[in-house]
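Examination of the molecular architecture
Chain residues, written in single-letter form:
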Amino acid sequence: MVHILSLLQQFDRREMTLGLLERSVVYEEAQKRGLSTVCFGQTSKYDLSVLKIVASYIERERFDIIHTHGARANLFGYLLKKWMRCHSRWVTTIHSDPRGDFIGCGWRGNVWTSLHRFALKFPDHYFAISNRFRDLLVSFGIDAERITVVYNGICFETPLRPIIHRRDLGLDEHDFVLIMVARLHPVKGHLLAFEAMRRLVSVYQQVKLLLVGDGPLLGDLKKKVRDLGLERHIVFLGHQSDVHSFLTISDVKILTSYSESFPLVLLEAARAKLPVISTDVGGVKDLIDSPSLGWVVPVNDIPALTAAMQEAIERKREGALRAMGERLYEKASKRFSIANLASDVYCAYKKLCCLHK
């Protein structure tokens, strides 16, 4: 949602319309921002009758480009081109490794993964959110000339004022506070963070982990926290619209995912001048390319994750942690702005339209 809405706000609103299959928080937020938005009223994920409505709208409004985001949208992009014969060019942004989008979803997940992999053969152009994802698409057999690498970006210019304090969450100023902003889904690796926390609290008692986000694993993860005896150390905060405030009361942002492209949450941490500990996924090393900016650890490596957390605690004790966050902000604000992202995307749009005139 953040990626799409922030990007659309950079464009001429007479040229772009956000099309949503169903009414959701994305629709409400787009309306608040004054974006041109249409909801097609899909009744369920399996309602294909909406295709005719979408196709008619696209043809009537004479859109040059259909830009899809996510597995379901990509499948609909394929159906619009192949079944409904839409004449618009089709582009997609690859936000994650399609092989891991449905981890933990059983046979339905396997079906969706196969359908998504099939549909991804057919777009006219691709936006890859990192060089690593461009290489992944090439390994799928996609021509490199049909891929544009664009890095996620956010607005660093607009000042954000935190509206909460540690005491509002029962946190002490001496607590070492880690924060994880992620939907509660297997691909995000929450159990890795929990195991690292279990090891950490045996040595450092004043360590807290804030979990911002909601999702299908909420019940299972809460049970796991109880089983590990970590109720005093791990706090579930649910979905929060003002993530920035929670970042500003934290010491370190952690990301333990098994798969990502170029995580926006890391840029949000950089904007809050917050150091990051992340698994080596997607384009993370394009942002954190030096130990002076944060920690990048192997995927699914609990000892390495725990060691990075311990080192961060020691850096805070030495008074060196805040400087890491300042350096991360300086790099991110220069290289990963929303204006740069919008410019790259719009240039690719224009090139694609010129090639097919």
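Every value quoted in this text rests on a predicted model; they were computed, and no experiment measured them. (Residues numbered from 1 in each chain as written. Predicted model: local features only at pLDDT ≥ 70, side-chain atom pairs only at ≥ 80, totals over all residues. Heavy atoms only, no water.)

1. Describing the pairing of strand β8 (residues 207-212)
A large share of β8 lies buried, amounting to six of its six residues. Burial along β8 is two-sided: Val-207, Leu-209 and Leu-211 and Lys-208, Leu-210 and Val-212, pointing in opposite directions, are all buried. Bridge count between strand β7 (residues 176-181) and β8: six bridges; the pairing is parallel. Paired with Leu-178 across the strands is Leu-209, a residue of β8. A crossover connection joins β7 to the parallel β8 through helix α7 (residues 190-201); in handedness this β-α-β unit is right-handed. (Buried < 20%, exposed > 50% of the residue type's maximum accessible area, 1.4 Å probe, protein only. Helix = DSSP H or I, 4+ residues; strand = E, 2+ residues; numbered from the N terminus. Pairing = 2+ DSSP bridges. Right-handed = clockwise from strand over helix to strand, strands pointing away.)

2. Points about the pairing of strand β9 (residues 234-238)
As defined by bridge partners, β8 adjoins β9 across four bridges and the pair is classed as parallel. By the bridge assignment, Leu-210 is partnered in β9 with Val-235. In the classification by handedness, the crossover that spans β8, the intervening helix α8 (residues 218-227) and the parallel β9 is right-handed.

3. Considering the pattern of salt bridges
Here the structure, examined in full by the defined rule, presents 21 salt bridges. A salt bridge links Asp-124 to Arg-89; the shortest N-O distance between them is 3.8 Å. With a gap of 35 residues between them, Asp-124 in the loop between α5 (106-119) and β5 (125-128) and Arg-89 in strand β4 (residues 89-94) connect regions that are remote in the sequence. Overall, the relative accessible area of 22% leaves Asp-124 in the partly exposed class. Among the salt bridges present, the one from Arg-132 reaches Asp-280, with a minimum N-O distance of 3.1 Å. Separated by 148 residues along the polypeptide, Arg-132 in helix α6 (residues 131-139) and Asp-280 in the loop between β11 (276-279) and α11 (284-287) bring together distant segments of the chain. According to the relative accessible area criterion, Arg-132 is partly exposed, its value standing at 38%. Owing to a relative accessible area of 22%, Asp-280 belongs among the partly exposed residues under this scheme. (Salt bridge = Lys/Arg side-chain N within 4 Å of Asp/Glu carboxyl O.)

4. Some thoughts on the confidence of the model for the protein
A low pLDDT score tells you not to read the predicted coordinates there in detail. Mean pLDDT over the protein: 93, with 99% of residues reaching 70 or higher. Ranking the elements of the protein by mean pLDDT puts helix α1 (residues 2-8) last, at 89, and strand β10 (residues 252-255) first, at 98. (pLDDT = per-residue confidence, 0-100.)

5. Looking at helix α4 (residues 71-82)
The terminal C-alpha atoms of α4 lie 17 Å apart, and with twelve residues this matches the ideal 16 Å at 1.5 Å per residue to within 8%. Here α4 lies mainly inside the structure; ten of its twelve residues are buried. Along α4, the residues that are buried comprise Ala-71, Arg-72, Asn-74, Leu-75, Phe-76, Gly-77, Tyr-78, Leu-79, Leu-80 and Lys-81. For α4, the secondary structure elements touched by its buried residues are α3 (50-61), β3 (65-69), β4 and α5. (Expected span 1.5 Å × (residues − 1). Contact = heavy atoms within 4.5 Å.)

6. Considering the sheet that holds β3
Overall, parallel pairing links the four strands, which are arranged β3-β4-β5-β6 in an open sheet. Of all the strands in the sheet, the pair left with one neighbour each is β3 and β6 (147-149). Put simply, the sheet's adjacent strands are angled 20° from each other on average, direction ignored. Both β5 and β6 contribute to a ladder of three bridges, which runs parallel. Pairing of Tyr-126 across the sheet is with Ile-147, part of β6. Here α4 sits on the sheet in contact with β3 and β4, set at roughly 165° to β4. (Axes fitted to C-alpha atoms, helices over the stretch in contact; angles between N-to-C directions.)

7. Quick look at α5
When the terminal C-alpha atoms of α5 are compared, their 20 Å separation across 14 residues agrees well with the 20 Å that a helix rising 1.5 Å per residue should span. Within α5 the residues assigned to the buried category are Gly-109, Trp-112, Thr-113, His-116 and Ala-119. Looking straight down α5, one finds its buried side chains confined to an arc of 130°; they lie on one side. Facing away from the buried side of α5 by over 90 degrees, the exposed positions are Trp-107, Asn-110 and Ser-114. In this structure, the buried side of α5 is in contact with α4 and β4. (Arc of directions from axis to C-beta.)

8. Some remarks on the sheet that holds β9
What holds strands together in a sheet is hydrogen bonding between their backbones, with the strands either parallel or antiparallel. Strand order across the open sheet formed by six strands is β9-β8-β7-β10-β11-β12, with parallel pairing between neighbours. With one partner strand each, in any of the chains shown, β9 and β12 (294-297) form the two edges of the open sheet. Here the average twist between neighbouring strands, direction ignored, is 20°. Note that β10 and β11 share three bridges and pair parallel. Bridge pairing in β11 links Leu-255 to Ser-278. Lying over the sheet, helix α12 (residues 302-318) contacts β7, β8, β10, β11 and β12, oriented at roughly 170° with respect to β12.

9. As for the nonpolar core
In terms of nonpolar packing, the biggest core is built from 58 residues, with Phe-11, Ile-179, Leu-267, Leu-287, Val-345 and Tyr-349 touching the most fellow members. Residue contributions to this core peak at seven residues, all from helix α14 (residues 338-355). Leaving out residues up to four positions away in the same chain, Leu-287 has contacts with Phe-262, Leu-266, Leu-267, Leu-293, Leu-328, Lys-331, Ala-332 and Phe-336. Ala-193, Leu-200, Ala-304 and Met-309 belong to the second-largest nonpolar core, a separate cluster that totals 34 residues. (Core = buried A, V, L, I, M, F, W, Y, C linked by side-chain atoms within 4.5 Å.)

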